[in-house]
Amino acid sequence: MGLHTRMSEETNLSVDVLRHSAAHLLAQAVLDLYPETKTGIGPAVETGFYYDFLRDTPFTPEDLERIEARMKEIARSNIPVERLVLPKDEAIRMFEERKQPLKVELIREKGDATVTVYRQGPFADFCLGPHVASTGVLENVKLLSVSGAYWKGDEHGPQMQRIYGAVFATRKELEDHLRLLEEAKKRDHRRLGAEHDLFSTSDVLGAGLILWHPKGARIRAVIEQHWRERHWAGGYDILYTPHIGRATLWETSGHLGFYKDSMYSPMDIDDQPYYLKPMNCPFHIQIYKSRMRSYRDLPLRWAELGTVYRYERSGALHGLLRVRGFTQDDAHIICTPAQIEDEILRVLDFSVSILADFGFTDNKIELSVRDPKNLGKYAGSDALWRQAEASLIKALETRGYPYERMEGEAVFYGPKIDIKIKDAIGRLWQCTTIQFDFNMSERFGMTYVGEDGQEHRPYMVHRALLGSLERFFGVLIEHYNGSFPLWLAPVQTVILPIAERHEAYAKSLDDKLRAGGLRSTVDLSREKVGKKIRQAEVEKIPLILVVGDKEVERGSASLRVHGQGDKGEIAIARFLEQALAFNSQKSLIVNF
RNA sequence: GCCAGCGUAGCUCAGCAGGUAGAGCGGCUGAUUUGUAAUCAGCGGGUCAGGGGUUCGAAUCCCUUCGCUGGCUCCA
C-alpha cells in the first residue's frame, strides 16, 4: 500500500477531505482543552494533516494523548459540520470575538467579499473546504508528533507549534499506515548502517561528517567502479581537482557573493585566503581555460567524484541524507548551441539508465523554469533561457517521460531537470539534477573558437547523477532494506564449515571464489551450523555455502540463498560461473 | 539557527520519590566438533555525552557546551 492513496479503500471519502477535516477536529480539541490557544493554519498534507498553534507553553507528548482522546470523543459524538458563507467584515468580527487574531489576519489577506467558514459545534474555522458532513467519520485518527514551525514560514516571525497526525476512514487503514511507519523506521539507513557496520558519525569528529566503515566503503568502491566504467563508455572524461582554492577563484565564480553562507571560513596560506570547495565547477572551468578550445573539441563531458564541503545548519543534518561533507558525482558538459539538444537527450538517457542499474526505475521528473512574474532576477539572456528550456522539454518529450513543470523553481543561473527516484516503499528522493549555467560561463569568460574564427560562448550544463554518494548510499540502504543485491553486497558469499576438519577445504574454496572475483569470507567460529546460518542470514549475505564431509569428499558445496532457503548441493565450478554471471549482469535477484 | 524531545556498557534498554549503576544481545575464555535461523558455562566491560552549579551526597535537580531525533527553512 502506498502513502498517497487518493480515495479511502473502503469508503467513498476523499482522503484529502478526511485529512483536512481531521485538522479541524484537532483544532477543536485543542481549543476545548486549551482555550487561550491561537490557531494558525491546518491543511491536509501528503501523509496526513497538521495544524499550527500559537501558545505560551509547548505541547508535551502527554498533551498529545489528551488531545487525541478528546478528538475521538468529539468524533464519536458525531457533530454535524456546517458551511457558512459570510460577508468578509462579518467573518472578521466573528474571529475577533473568538480572539483568533491569526485567523483575522488570514481573512483580511485572503478573503474575498464573502468568505466561507466551517463550523462544528463551538468550533469555527475560516476555510474553503470541502469537509466531511459530520465528525463521526473521523474516529480513526492518530496524533504523531509536535514540532516547531514558523508563522507563514518566516523564520523571523513567531514560532508556532505544529501537531502532525494521520487519519483514515477505517481502523484497518489506520493500522496499516502505522505499520508502514514502523516499517520505514526499521529500514532507516541510520539504524541499518550501524547494524551492518556500514558507516558512522562521531561526536569527536563533528556533526554531518561521515566515516565509511570497511563494508560501506566496499559498496562505495563498487558504485564508483561501475560509475567510472559507465562514464568512460558514455563518452565522459574523468577529472580530479583539489579540495581548496584561493579566494580569487570564488570571487570570480561569484560564490563569495551568493553562496558565502554555505561556505566555511577561509584558511590562511602564505597570507592568501583559501576556501574549502562547496562546488567543483570553478575547478573544471580552470581546466577548460588552461588552453584555447576549438568548436572541434566540443562537446566536452567532464566528470569528477568531487568531495565538497557546505555549511548546513545543525538542525538540517540527517544521517547520510544531509551532511556537511559529501562527494558529488559531478559532471560538466560544455558544448556549442548546435549540440545542446543532443547533449541534453544524451545526459537524460545516461542518467535514467544508470539509475536503473541500481534498481531505480520508477522516477519522478521535474522541470524547473523561470518565474514568469520575475524575469529580471535571472542570469543569462532571454534567448539563452528559451533555447535551454526548449532543449530540456524536447529531450523529455522525445522519450515520452511525464514531468512536472515547476514555475519559478529554476535557480537564478539556469533552468534544470531534477529526477527523484522512488524507493521500495514509495518515498521519493532527489538524486539527479541537470542544470544549465549561464552565470559561470559568463563570469569566467569561457569561450571557444568557432568555424568562423570568432570567439563564442559555449553552453555549460552541470549534472549530478547519483547526486552525492552519501545520499545515494543512504537511499540504497533504505531501498534494499540492507539486503543488497549480489553485485553491491559488501560480502557476497560466506562459507560455513560444519566442523573444524572442514576448515581447510572452506579456506581453499574461499581462495578460489576470491580469485574468481567474488567478495567471499569464511565463518571460522566454532559454532553449530544453525548459528552460523542465522548469523549469515541476519547479515543479509546473498549466498551461503555450507561445507561438511559430503561436500569435501565431492568437491562441492551446499548452497543457501538469502531469503530463499536451502538450494541443495552445487558443483563449485557451476556455482562460481553462475554467481559471476549474476554479478556482472547486476541481477537484482539470483536464481540458481 | 529556531521550537520540542533525547544522550546510562559496542548495541537495545531498565534504573520511574536525589543515597557512589543493572539486564539481554554482542565481546573474551573454556567445554562442546556440530548438517540449514541462536550449544552450555564462566569472565571482563560504564569519569551515566563534556564542563559548571545546588546538595552532606547527583545518572537523577539547575545552567552551559557538544551530539542525536522530529519538524520549520534550505538542499546533493
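Residues numbered from 1 in each chain as written. Chains lettered and ligands numbered in written order. Predicted model: local features only at pLDDT ≥ 70, side-chain atom pairs only at ≥ 80, totals over all residues. Heavy atoms only, no water.

RNA strand B sits among 56 residues. The nearest are Ser147, Gln159, Arg322, Arg534 and Glu551. Looking at RNA strand B alone, sugar and phosphate atoms form 45% of those within 4 Å of the protein. Between RNA strand B and the protein, one listed contact pairs a base oxygen with a backbone N or O atom of Lys550 at 3.2 Å. Across the surface near RNA strand B, the residue classes tally to 17 nonpolar, 17 polar and 22 charged. (Near = heavy atom within 4 Å. Polar contact = N/O pair within 3.5 Å; in protein donor to acceptor, adjacent residues only side chain to side chain. Nonpolar A, V, L, I, M, F, W, Y, C, P; charged D, E, K, R; others polar.)

Okay, the packing of helix H7 (residues 214–233) against helix H11 (residues 340–357) next. Viewed as axis vectors pointing N to C, H7 and H11 meet at an angle of 150 degrees, and their least axial separation amounts to 12 Å. With respect to each other, H7 and H11 are oriented roughly antiparallel. The two elements H7 and H11 cross, and the hand of that crossing is right-handed. Note on element contacts: H11 touches H7 through Phe350, Ser353, Ile354 and Asp357, opposite His226, Arg230 and His231. Residues belonging to the contact of H7 with H11 are distributed by class as follows: 2 nonpolar, 3 polar and 2 charged. (Axes fitted to C-alpha atoms, helices over the stretch in contact; angles between N-to-C directions. Helix = DSSP H or I, 4+ residues; strand = E, 2+ residues; numbered from the N terminus. Parallel < 35°, antiparallel > 145°, perpendicular 65-115°, else oblique. Left-handed = near helix turned anticlockwise from the far one by under 90°. Contact = heavy atoms within 4.5 Å.)

Applying the stated criterion across every chain yields a total of 47 salt bridges. The partner of Glu539 in a salt bridge is Lys215, and the shortest N-O contact between them spans 4.0 Å. Highlighted residues: Glu539 in the loop between helix H16 (529–538) and strand S26 (543–547) and Lys215 in helix H7, separated in sequence by 324 residues. Owing to a relative accessible area of 31%, Glu539 belongs among the partly exposed residues under this scheme. Here Lys215 falls in the partly exposed class, since its relative accessible area comes to 26%. The salt bridge involving Arg501 is made with Asp549; its shortest N-O contact spans 2.9 Å. On the criterion of sequence distance, the pair formed by Arg501 in the loop between strand S24 (493–497) and helix H15 (503–516) and Asp549 in helix H17 (residues 549–554) is long-range, its members being 48 residues apart. Taking the relative accessible area as the measure of exposure, Asp549 reaches 43% and is therefore partly exposed. Look at the salt bridges and you will find they share partners, linking Arg220, Glu224, Arg228 and Glu470 into a network. (Salt bridge = Lys/Arg side-chain N within 4 Å of Asp/Glu carboxyl O. Buried < 20%, exposed > 50% of the residue type's maximum accessible area, 1.4 Å probe, protein only.)

A few words on the environment of Gly414. Examined against the element boundaries, Gly414 turns out to sit in the loop between strand S18 (403–407) and strand S19 (416–422). Judged by its relative accessible area of 0%, Gly414 is buried. On a C-alpha basis, the gap between Gly414 and Leu345 in space is 17 Å, while along the polypeptide they are 69 residues apart.

Within this structure, the stated rule accounts for 0 disulfides. Not engaged in a disulfide, the cysteine Cys431 finds its nearest cysteine sulfur in Cys281; these two sulfurs lie 19 Å apart. (Disulfide = S-S within 2.5 Å.)

Looking now at the environment of Phe358. Looking at the secondary structure, you find Phe358 in the loop between H11 and strand S17 (363–369). Taking the relative accessible area as the measure of exposure, Phe358 reaches 1% and is therefore buried. Between the C-alpha atom of Phe358 and that of Gly129, which follows or precedes it by 229 residues, the distance is 43 Å.

Reading across the sheet, the 3 strands line up as S12-S14-S13 and stay open at both edges, with antiparallel pairing between neighbours. The two strands at the open ends of the sheet, each matched to only one other strand, are strand S12 (244–246) and strand S13 (267–269). Averaged over all pairs of adjacent strands, the angle between their axes in this sheet comes to 40 degrees, without regard to strand direction. Sheet topology places S13 next to strand S14 (residues 272–276); 3 bridges connect them, and they run antiparallel. (Pairing = 2+ DSSP bridges.)

Glancing now at the sheet that holds strand S15 (residues 300–309). The strand order across the open sheet formed by 8 strands is S11-S15-S16-S23-S20-S19-S17-S18, and the pairing between neighbours is mixed. Edge positions in the sheet fall to strand S11 (237–238) and S18, since each of these pairs with one other strand and no more. One ladder, built from 5 bridges, connects S17 with S18; its direction is parallel. Opposite Val369, over in S18, you have Glu407 as the bridge partner. H7 rests against S11, S15, strand S16 (325–335) and strand S23 (459–468) of the sheet, and its axis sits at about 160 degrees to S15.

Our next topic: the nonpolar core. In this structure, Phe358, Phe436, Leu466, Phe472, Leu476, Phe484 and Leu488 are the most contacted members of the largest nonpolar core, which totals 65 residues. Residues Ala23, Ala29, Tyr51 and Cys127 belong to the second largest nonpolar core, which totals 31 residues. (Core = buried A, V, L, I, M, F, W, Y, C linked by side-chain atoms within 4.5 Å.)

Confidence in the prediction of chain A, expressed as mean pLDDT, is 91, and 98% of residues score 70 or more. Across residues 1–5, confidence stays below pLDDT 50; counting only partners more than four residues off in sequence or on other chains, it has 12 contacts. Interface scoring of the predicted complex returns ipTM 0.91; its pTM is 0.91. (pLDDT = per-residue confidence, 0-100.)

Between its first and last C-alpha atoms helix H14 (residues 469–480) spans 16 Å; for 12 residues at 1.5 Å apiece the expected length is 16 Å, and the two agree. Counting buried positions along H14 gives 11 out of 12 residues, so the element sits mostly inside the fold. Among the residues of H14, those classed as buried are Leu469, Glu470, Phe472, Phe473, Gly474, Val475, Leu476, Ile477, Glu478, His479 and Tyr480. Note on H14: the residue one or two positions beyond its end, Asn481, has a positive phi of about 55 degrees. (Expected span 1.5 Å × (residues − 1).)

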